[in-house]
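Structural features, examined
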Amino acid sequence: MTGIETADPSLVVNRILIIMVGAFLYIYAISFAIGQERREKWFHKRKHYTFFNKRGFLGEYLNYGYPCTVPGFLVAILMYGVIFGVGYWYLFKLPY
């Protein structure tokens, strides 16, 4: 067996961290490729912020909101599908 069951825990943690960094970079690249104008058209953000849900600059830039148009739903499904698919493959299917 060369799966996650027999792998060293530090290797598993390293892969999880790589997946997280890769997901942030992927979200940033998609955000840059779509552009601010289309993001505002395809997604709606929260209007009222309280102390508990405020974000910093990077968090606000990566915050898409919720999709409200068909292209917005397609972008969201594509992002989630790629992140979860590649993450699952890298964590569970690729040999350690």
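Note that the structure is a prediction, hence the values are computed from the model and not measured.

This brings us to the environment of Val75. Structurally, Val75 is set in helix α4 (residues 70-93). In the structure, Val75 is positioned 57 residues away from Ile18 in sequence and 23 Å away in space, judged by C-alpha atoms. Those residues within four positions of Val75 in sequence are excluded, and the remaining contacts are Ile30, Ile34, Trp42 and Phe43.

On average, the protein chain scores 89 in pLDDT, and the residues at 70 or more come to 98%. When mean pLDDT is taken per element in the protein chain, α4 scores highest with 96 and helix α3 (residues 57-62) scores lowest with 75.

Relative orientation of the contacting elements helix α1 (residues 9-34) and α4 amounts to 160°, with a least axis distance of 10 Å. One finds that α1 runs roughly antiparallel with respect to α4. The handedness of the crossing between α1 and α4 comes out as right-handed. Side by side, α1 and α4 meet where Val12, Arg15, Ile16, Ile18, Ile19, Ala23, Tyr26, Ile27, Ile30 and Ile34 of the first sit next to Val75, Leu78, Met79, Val82, Ile83, Gly87, Tyr90 and Leu91 of the second.

This structure, assessed with the given rule, holds four aromatic pairs. Ring geometry for Tyr80 against Phe84: centres 6.4 Å apart, planes inclined by 25°, an arrangement best described as stacked. In this pair, Tyr80 and Phe84 both sit in helix α4, four residues apart, roughly one turn of the helix. Here Tyr80 and Phe84 have matching classes, each one exposed. Ring geometry for Trp89 and Tyr90: centres 6.4 Å apart, planes at 40°, overall tilted.

A few words on α1. Taking 1.5 Å as the rise per residue, α1 with 26 residues should run 38 Å; its terminal C-alpha atoms sit 37 Å apart, in good agreement. When α1 is considered as a whole, its buried residues turn out to be Val12, Arg15, Ala23, Ile30, Ser31 and Ile34. Turning to α1, the residues buried within the fold contact α2 (36-42), α3 and α4. Just beyond α1, the residue with positive phi is Gly35, at close to 90°.

Rules used in this analysis
- Position labels on residues start from 1 in each chain and follow its written sequence.
- The predicted nature of this model means local features are confined to residues of pLDDT at least 70 and side-chain atom pairs, given and counted, to a pLDDT of 80 or more, with totals for whole chains, interfaces and linings taken over all residues.
- Side-chain figures throughout are based on the complete set of non-hydrogen atoms in the structure, without hydrogens or water.
- Only runs of H or I of at least four residues qualify as helices and only runs of E of at least two qualify as strands under DSSP, and these elements are numbered from the N terminus.
- Contacts: residue pairs with any heavy atoms within 4.5 Å of one another.
- pLDDT expresses, on a scale from 0 to 100, how confident the predictor is about each individual residue.
- Axes here mean lines fitted to C-alpha atoms, for a helix over just the part in contact, with angles spanning 0 to 180 degrees between N-to-C directions.
- Reported orientations rely on four angle classes, namely roughly parallel under 35 degrees, roughly antiparallel over 145, roughly perpendicular from 65 to 115, and oblique for the rest.
- Note on convention: near helix rotated counterclockwise from far helix by under a right angle means a left-handed crossing. Clockwise means right-handed.
- The aromatic pairing rule takes the rings of Phe, Tyr and Trp, using the six-membered ring of Trp, and pairs them if the centres are within 6.5 Å, calling planes under 30 degrees apart stacked, those over 60 edge-to-face and the rest tilted.
- Note on exposure labels: buried denotes an accessible area under 20% of the residue type's maximum, exposed denotes more than 50%, and partly exposed covers the range between, all computed with a 1.4 Å probe on protein chains only.
- To estimate how far a helix should extend, the number of its residues minus one is multiplied by 1.5 Å.

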